[in-house]
Amino acid sequence: MTTHRTPVILASSSVWRRQLLRQIGLHFEATSPDIDETPRNGEASDALACRLARMKAEKVAADWPEAVVIGSDQVADVEGHILGKPGTAARAREQLRLQSGKSVVFHTGLCVCAPAFAEPRIHLETVTTRFRDLNDDEIARYVAAEDVTGTAGSLKSEGLGITLVSAIESKDPSALVGLPLIGLRRLLADAGIALP
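Below, the structure is looked at part by part. (Residues numbered from 1 in each chain as written. Predicted model: local features only at pLDDT ≥ 70, side-chain atom pairs only at ≥ 80, totals over all residues. Heavy atoms only, no water.)

Right, let's get into the overall build of the protein chain. If you tally the helices and strands in the protein chain, you get six helices and seven strands. Taken against the 2.2 N^0.38 rule, which gives 16 Å for 196 residues, the C-alpha radius of gyration of the protein chain at 17 Å falls within 12% of a compact globule. Seen through its C-alpha atoms, the protein chain measures out along the principal axes to roughly 50 × 35 × 25 Å. By residue count, 47% of the 196 residues in the protein chain fall in the buried class. Long-range pairs, those at least 24 residues apart, make up 67% of the contacts in the protein chain with a sequence separation of at least 6. Approximately 9300 Å² of the protein chain is accessible, and the part contributed by carbon and sulfur atoms is 49%. Distance between charge centroids for the protein chain: 2 Å, based on 22 positive and 25 negative side chains. (Helix = DSSP H or I, 4+ residues; strand = E, 2+ residues; numbered from the N terminus. Rg over C-alpha atoms; globule rule 2.2 N^0.38 Å. Buried < 20%, exposed > 50% of the residue type's maximum accessible area, 1.4 Å probe, protein only. Contact = heavy atoms within 4.5 Å. Areas by Shrake-Rupley, 256 points an atom, 1.4 Å probe, with all protein chains shown as cover. Lys, Arg positive; Asp, Glu negative; His and termini not counted. Charge placed at Lys NZ, Arg CZ, Asp CG, Glu CD.)

Right, dumping it as C-alpha cells:
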C-alpha cells in the first residue's frame, strides 16, 4: 500500500470535506465537479445521495483515470420530503421551519473510483437527527450567523447548527458533516491507499 504514488482527488468544493480529509492525514487535491443535482421523479433520498456522489466521482475520474477519486453528497429527508442545499437564506429559514420538532434523516452517499476497482464503490451512511422545536427568532438568528446556503437541510452540525438539535443517532459522526470517514477508510484501503 502507498500514500504517495497514487494521486487522491476529492471531487468537492466543500471546505468541511477537505477539513475531514486533512484530519485523517490524507494527502489529496480537490476539484469541484459541476453536475446537475436535481432529483429524478420519484427518486428516494438515499438513492439520490448515492447517485450524486457517483456522478461527482466519475466526472473527475474521467479526467484523472490514474487517481483515486472521492465523491460525496448529502441529502436530508424530512417525512419523505427531500431537502437539498437551500441556496438562499430565505429558503434556509423555510427548511428549518419544516424540520422543527421532527426527526430528519441525513443520507450521505460516498463513491470512490480507483484504478484498482473494476466499478466505482459506493457506500451510504445514514444519520437520524432530532430537531428541537424552533421558533422563528432562533431560526433567523442562526441563518444570519451561519452561512448554510450550501448545506443540505440547512444544518451545519459542525458549527452553530448543533444548538438546533436534541439528539443525533449515527454509526459515523463524520457523516453528518458530509463525508463518512469510517466507510471511506475501508474503501481507501481496498484501493491501495494507506492512511498514516
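Let us now look at helix H2 (residues 45-63). With 19 residues, H2 ought to run about 27 Å at 1.5 Å a step, and its terminal C-alpha atoms sit 28 Å apart, in line with that. By the burial criterion, the buried members of H2 are Ser-45, Leu-48, Ala-49, Cys-50, Arg-51, Leu-52, Ala-53, Lys-56, Ala-57, Val-60 and Ala-61. (Expected span 1.5 Å × (residues − 1).)

The next point concerns the layout of surface pockets. Volume-wise, the largest pocket comes out at about 450 Å³. Lining the largest pocket are 27 residues, and of these Ser-14, Arg-17, Lys-85, Gly-150 and Thr-151 sit closest to its centre. Broken down by element, the lining of the largest pocket gets its largest block of residues, three residues, from helix H1 (residues 15-23). Taken together, the residues of the lining of the largest pocket break down into nine nonpolar, nine polar and nine charged. (1 Å grid on protein atoms, 1.4 Å probe; cavity = no way out; pocket = protein on both sides within 12 Å on 5 of 7 lines; lining within 4 Å. Points joined across faces, edges and corners; volume = space filled by probe spheres on them. Nonpolar A, V, L, I, M, F, W, Y, C, P; charged D, E, K, R; others polar.)

Let us look at unusual backbone geometry. One non-glycine residue, Glu-79, lies in the positive phi region at around 55 degrees. Following the sequence through the fold, Glu-79 ends up in the loop between strand E3 (68-78) and strand E4 (81-83). With a relative accessible area of 64%, Glu-79 lands in the exposed category. We note that Ser-154 has phi near 65 degrees; this positive angle belongs to a residue other than glycine. As for its placement among the helices and strands, Ser-154 is situated in the loop between helix H4 (136-145) and strand E7 (165-169). Looking at Ser-154, the relative accessible area reads 0%, which means it is buried.

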